[in-house]
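Coordinate inspection notes
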Amino acid sequence: MKHRAPPAIDIDHLPGHNIRRLHQISVGIFLQEMGELGLTPVQYAVLQTVANNPGIDQRTLARTVALDASTTGGVVDRMESRGWVERRTAPEDRRARQLTLTTAGQGVLAEAVPAMLQAQDHILAPLSERQRTEFMKLLRLLVHTNNEHSRAPSDALK
């Protein structure tokens, strides 16, 4: 049986490859901007979401930030051990855990926001204002319309 040679494909022209690379770059820039805080993009998303939704339960948090339940549990465990979030049993469902930011968590978030905004500007720096607007419009379209294909779809996009 004869095998044909696979086609020569330049991976630098594949959207998936470039999205993966942009994700690597984005995380690198974010971590650089966070410096001593040592906050990861996922931890920032959790802190901001809990701040925006005090008392949110872990399951809803996971669906909102598009993480699987076990990853969310681990992130919340680490953030709780750092004193940033507090879990409480939900009064209406003893199995559910509601999350709130502690005073320390509020302080970390307040300190992180300027660095996070700087990271976003750094990521988009090569683009003009018009290109940034169009890029974000197209990026949200791709994320929204492909949400169902994620291993952890975001309920925020439904």
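Throughout what follows, the structure given in this document is the object of discussion. (Residues numbered from 1 in each chain as written. Predicted model: local features only at pLDDT ≥ 70, side-chain atom pairs only at ≥ 80, totals over all residues. Heavy atoms only, no water.)

**Structural notes on the environment of His 122**
Assignment of secondary structure puts His 122 in helix H5 (residues 103-124). For the pair His 122 and Glu 33, spaced 89 residues apart in the sequence, the C-alpha separation amounts to 9.4 Å. Contacts of His 122, omitting those with residues within four sequence positions, involve Ile 29 and Glu 33. (Helix = DSSP H or I, 4+ residues; strand = E, 2+ residues; numbered from the N terminus. Contact = heavy atoms within 4.5 Å.)

**Re the sheet that holds strand S1 (residues 56-57)**
Reading across the sheet, the three strands line up as S1-S3-S2 and stay open at both edges, with antiparallel pairing between neighbours. Looking along the sheet, the strands with just one partner apiece sit at the ends: S1 and strand S2 (85-90). Each of S2 and strand S3 (93-101) touches helix H4 (residues 69-81); the most contacted strand, S2, lies at about 120 degrees to it. (Pairing = 2+ DSSP bridges. Axes fitted to C-alpha atoms, helices over the stretch in contact; angles between N-to-C directions.)

**Digging into the nonpolar core**
If you look at the biggest cluster of nonpolar residues, it comprises 24 residues, and the most contacted ones within it are Met 34, Leu 39, Tyr 44, Leu 47, Val 50, Leu 61 and Met 79. Looking at this core, the elements with two or more residues in it are helix H1 (15-34), helix H2 (41-52), H4, S3 and H5. Non-local contacts of Val 50, meaning those with residues more than four positions away in its chain, are made with Ile 56, Leu 61, Leu 99, Thr 100 and Leu 101. (Core = buried A, V, L, I, M, F, W, Y, C linked by side-chain atoms within 4.5 Å. Buried < 20%, exposed > 50% of the residue type's maximum accessible area, 1.4 Å probe, protein only.)

**Let's talk about the side chain of Thr 102**
In this structure, Thr 102 sits in the loop between S3 and H5. A distance of 3.0 Å separates a polar atom in the side chain of Thr 102 from the backbone nitrogen of Gly 105. When neighbours within four sequence positions are excluded, Thr 102 is seen to be in contact with Gly 83, Trp 84, Val 85 and Glu 86. (Polar contact = N/O pair within 3.5 Å; in protein donor to acceptor, adjacent residues only side chain to side chain.)

**Comments concerning the packing of helix H3 (residues 58-65) against H4**
Their axes nearest at 9 Å, the elements H3 and H4 cross at an angle of 110 degrees. Classified by the interaxial angle, the pair formed by H3 and H4 is roughly perpendicular. Judged by residue contacts, Gln 58, Leu 61 and Ala 62 of H3 engage Ala 69, Thr 72, Gly 73 and Val 76 from H4. Counted by class, the contact of H3 with H4 contains four nonpolar, three polar and no charged residues. (Parallel < 35°, antiparallel > 145°, perpendicular 65-115°, else oblique. Nonpolar A, V, L, I, M, F, W, Y, C, P; charged D, E, K, R; others polar.)

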